[in-house]
Every structure is written in C-alpha cells, then in structure tokens.
Amino acid sequence: MTALPASPPAASRVTGLTMADGIQVEAMFTADPKARFELHWHAEWSVGAILEGRCEFTFAGERQVARAGDIVLMAPFMLHTAGVSAQGFRMVMLYVPHAWASARLGWPPGQRGGLHRGVWRDAAMAGALAAAAQAQDGAQTGRLLEEILRAQAGGELVAVERRAGDARVEAVCEALATEDACRIDPGALARRVGVSREHFHRLFRTAVGMTPAHYARLARIGRAKALLRDGHAAADVAAQCGFTDQAHFSRWFRRCFGVTPGNYMAGRERVERGA
C-alpha cells in the first residue's frame, strides 16, 4: 500500500487539491493516534482511505468500524463522530463539493443518490486514492472519486440537506446559526415559537435530532469554515460566528475538523502559492 509522507507525532494537516476541471477539494492527512472528532457535519462529500490502524465512528445514527484498506464514504450534512486506534494510525480524507459530484453523476438540484455502503474494503483503491492525493494529482483524484461515487452513491434520490420541518423550528435554526451556543436562553427560544420550554426542546429534538445548543454550535462552526475558506482572518471569523474568543473558536474547530483554524488556512495558502 502506498505510504503517506512522514508526519510529526499527533499531527494532522489539511491542504487543497485542484482537480482537472479547476474544482478544488480539501484533503486531510492525519497520523494522530489520539484523534477524536466531536459530532459534526461537512457540507461536502467525505471520502476517506484508512491506511493503518482502525477508526471507530458513528454516522446516520449507526456505529461503524473502518480498518486499514477500507474506504469510507459520507454524504453532505451527515452527522458523524470519529475516534481512532490507540496505536499507529494513518488516514486521508477528501472533502468533495456536492456541486462537482452532482455534475458528474447527473443529480437534480438539491438531491443526491442514496448510499449503498458507507464503509467497504478495497485496499487497492485506498492506496491509489492516498497516492493521488499525496502527489497532488488532480486528474487521477477526480477519476477515483467519480468511480467511488458512481459505485456507492447511486441509490434512490434523496434531499442533500435536512428536510425542512416545523416552520417555527426552522426559523429558530436559522437564528441559531449566528448566535453563541454558550449564551442561549432556552426560555427565550421557547418564547420565540410560543410554547413552553419543555415542549420546545421536545419539538426541536424531534425535528432536528439534537439540542438547540448543539445545533447552534455545529451551524456556526460550518459557517466559520466557509468564511476561513473565503480568506477571512480567524479573529474576525470567531467574532462573526459568536464564539467567546479565538481560543474557544480554535478548540471547537479542531474538535470538528482535526486542525486549528490557523493550520487550516496555512494549508490552503500553501496550495494557492503553488508551494
């Protein structure tokens, strides 16, 4: 199996990779045996290759285990966690824009194919995907990604994002995307929708699958990633997205995406400079 370049202990790095048609994907290389990822989502498709060790995680409410030689595929906005083996561990994870996948597979706007499998063994594909990403070979990476998606995401069409539910809950979700989860007053949220605090929590959990505070944090960390990608400074992003300070922002960014905001921006800047 193709080896990734040597990494410092407990290190992860994210870099950009430009494919043949000019679309950029993000590639995360990690060799951190202590990596743990909080419940989160990505707006992109997540396509990973496990090269050493094992990764235990949940997605779509189910426990999964991926081992060396396995491919992992998760759809956009799919909630998941991750924790890796205590010994050696190496993985590459590619974050693929849905617009690219949709154009390749001919999906209608706002829809995607249903997943056949989220984890499966294909050591040859895992090695090839890692080698292409490591070599910054956009053409080969694109071919492999399309092959994976065609094989495993060709089921019945479903909505890309969570389906809208109760209009009152949806209005709260929109507001929570810009509010500080640490300062949320559950009583005030309940008053927004005209119900008791207890009824509001039941209503929200039924519609969204998590508490309002947790949803707020995930929505804001996703927005923060998009702002960083657009070139905004980390301090400005922390303030815009309602985090109490940069340290608070940095902790949660790393818990969800494996690297600090500074390292995330540095990896993308290296690619843009052609370094």
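Residues numbered from 1 in each chain as written. Predicted model: local features only at pLDDT ≥ 70, side-chain atom pairs only at ≥ 80, totals over all residues. Heavy atoms only, no water.

## Section: empty space enclosed by the protein
Over the atoms, a rolling probe the size of a water molecule traces out where space has been left empty. Going through the model one piece at a time under the given rule, you end up with 3 cavities of 30 Å³ or more. For the largest cavity, the calculated volume is near 180 Å³. Taken together, 21 residues line the largest cavity, and the ones lying closest to its centre are Met 74, His 80, Ala 82, Met 91 and Met 93. Every element with two or more residues in the lining of the largest cavity is listed here: strand 3 (36-40), strand 4 (45-52), strand 5 (54-59), strand 7 (70-74), strand 8 (80-84), strand 9 (90-96) and helix 9 (246-257). In terms of residues, the lining of the largest cavity owes the most to one element, strand 8, which gives 4 residues. Class assignment of the residues belonging to the lining of the largest cavity gives a composition of 16 nonpolar, 5 polar and no charged. (1 Å grid on protein atoms, 1.4 Å probe; cavity = no way out; pocket = protein on both sides within 12 Å on 5 of 7 lines; lining within 4 Å. Points joined across faces, edges and corners; volume = space filled by probe spheres on them. Helix = DSSP H or I, 4+ residues; strand = E, 2+ residues; numbered from the N terminus. Nonpolar A, V, L, I, M, F, W, Y, C, P; charged D, E, K, R; others polar.)

## Structural notes on the pairing of strand 5
Put simply, side chains in a regular strand alternate between the two faces of the sheet. Of the two faces of strand 5, the one lined by Cys 55, Phe 57 and Phe 59 is fully buried and the one lined by Arg 54, Glu 56 and Thr 58 carries no buried residue. Bridge count for strand 5 against strand 6 (residues 62-67) is 6 bridges, and the pairing is antiparallel. Residue pairing across strands places Phe 57 opposite Gln 64, the latter belonging to strand 6. The hairpin turn running from strand 5 into strand 6, its antiparallel successor, is 2 residues long, and Ala 60 in that turn takes a positive phi close to 55°. (Buried < 20%, exposed > 50% of the residue type's maximum accessible area, 1.4 Å probe, protein only. Pairing = 2+ DSSP bridges.)

## Some points on the environment of Val 172
If you trace the backbone, Val 172 turns up in helix 4 (residues 167-176). Under the relative-accessibility criterion, Val 172 is labelled buried at 2%. The spacing of Val 172 and Ala 216 is 44 residues in sequence and 9.6 Å in space, taken between C-alpha atoms. Contacts of Val 172, omitting those with residues within four sequence positions, involve Leu 189, Val 193, Phe 200 and Phe 204. (Contact = heavy atoms within 4.5 Å.)

## Details of the environment of Ile 148
For Ile 148, the location among the structural elements is in helix 3 (residues 138-152). Look at Ile 148 and you get buried, because its relative accessible area is 3%. Once the C-alpha coordinates of Ile 148 and Ile 71 are considered, the two residues, 77 residues apart in sequence, prove to be 9.0 Å apart. Each residue touching Ile 148, except ones within four places of it in the same chain, is listed here: Val 47, Ile 71, Trp 120, Met 125, Leu 129 and Ala 153.

## Considerations on the packing of aromatic side chains
Tallied over the entire structure, the rule returns 10 aromatic pairs. Centre to centre, the rings of Trp 41 and Phe 77 are 6.4 Å apart; their planes meet at 55°, and the pair counts as tilted. Taken together, the residues span a long stretch of sequence, with Trp 41 in the loop between strand 3 and strand 4 and Phe 77 in the loop between strand 7 and strand 8 at a distance of 36 residues. Judged by centre distance (5.6 Å) and plane angle (25°), the ring pair of Trp 45 and Trp 107 falls under stacked. Highlighted residues: Trp 45 in strand 4 and Trp 107 in the loop between helix 1 (98-105) and strand 10 (111-113), separated in sequence by 62 residues. Taken as a pair, Trp 45 and Trp 107 share a single burial class, namely buried. Put simply, the rings of Trp 41, Phe 77, Phe 200, Phe 204 and Tyr 215 touch in pairs and so form one group of aromatic residues. Between Lys 225 and the ring centre of Tyr 95, over which it is positioned, the NZ or CZ distance is 4.8 Å. Lying across the ring of Trp 252, Arg 255 places its NZ or CZ 4.6 Å from the centre. (Phe/Tyr/Trp six-rings, centres within 6.5 Å; stacked < 30°, edge-to-face > 60°. Lys NZ or Arg CZ within 6 Å of the ring centre and 35° of its normal.)

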